[in-house]
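Listed below are the residues making up each chain.
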Amino acid sequence: MSTPPHHPPVPFGSAVYCRICGATPAAHVVVRGHRGLVITLRFLTEEGAFCRTCGTAVYRKLTSDTLWRGWWGLLSVFATPVTMLMNIGARSRIRALPHPVGHPRPPLSPGRRVLARPPALVVMAVLVLALATVTVPRLIPDTQPTFTAGDCVRNNATWPDQDLEEVGCSSPEAEFWISEGDRCWGMDWLLHLEYSAEEKALCAHPMSK
């Protein structure tokens, strides 16, 4: 990140001046950034006295860049969240400053909030998608059909695979009728236990019997 040439803070009594625009009050902070480089990684820092306006701009720029470029590496997956956490203190000190006064030089533009910038929106979209992938299937109720002796079914797969669906026994789609598992014989099929409503062995007999 490039900023205007460093101007050391000029003390006047107890006042501290922003090294970028020269306004006061200012606070000495260290704002960190991170950039992943596939195999290696790079840590960035902006250190010095910043007023509220310039400090906010520096924080938002480094944070936004980190959200966009900080994930491209094996170690960066861990380094990026740590970098973001380390910036919490700097952000708090910057936000605690009152509005600066006296600008011998133009201040930096803070721009949009971090969460309103494209890198943050992309990261949030990825996190929401990952969370949905994990949680949504668990929220969908189990639609596994179960049967008891006397039901009629058809198999939407090819035996021995079983994808059973209950149909009316008078329906032309009915292929098998269900009995207790100890009554299997010949070309009958023993059903998978998850199809049993009572967790008992069931047998599927062709309707032609």
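Fair warning: this is a prediction, and the values are worked out from it, not measured in the lab.

K.L.:
It is not clear to me how a nonpolar patch on the surface should be interpreted in this structure. Could you clarify?
P.N.:
A contiguous nonpolar patch, built from Trp71, Trp72, Val77 and Phe78 and spanning about 440 Å² of accessible area, is present on the exposed surface. One can find Val77 in helix H2 (residues 76-95). By relative accessible area, Val77 is classed as partly exposed at 41%.

K.L.:
How should I be thinking about the packing of aromatic side chains in this particular structure?
P.N.:
Geometrically, a pair of aromatic rings is defined through the distance of the ring centres and the angle of the planes. Enumeration over the complete set of coordinates arrives at three aromatic pairs. Aromatic side chains Trp159 and Phe176 sit 5.2 Å apart centroid to centroid with 75 degrees between the ring planes, which places their arrangement in the edge-to-face category. One end of the pair, Trp159, is in the loop between strand E3 (152-155) and strand E4 (164-167); the other, Phe176, is in strand E5 (residues 176-180), with 17 residues separating them in the sequence. Judged on exposure class, the residue Trp159 and its partner Phe176 are both buried. Following the ring pairs from residue to residue traces out a cluster consisting of Trp159, Phe176 and Trp189.

Criteria and cut-off values
Residues numbered from 1 in each chain as written. Predicted model: local features only at pLDDT ≥ 70, side-chain atom pairs only at ≥ 80, totals over all residues. Heavy atoms only, no water. Patch = residues over 30% accessible without salt bridge, like charges linked within 9 Å, V, L, I, M, F, W, Y side chains within 5 Å. Areas by Shrake-Rupley, 256 points an atom, 1.4 Å probe, with all protein chains shown as cover. Salt bridge = Lys/Arg side-chain N within 4 Å of Asp/Glu carboxyl O. Helix = DSSP H or I, 4+ residues; strand = E, 2+ residues; numbered from the N terminus. Buried < 20%, exposed > 50% of the residue type's maximum accessible area, 1.4 Å probe, protein only. Phe/Tyr/Trp six-rings, centres within 6.5 Å; stacked < 30°, edge-to-face > 60°.

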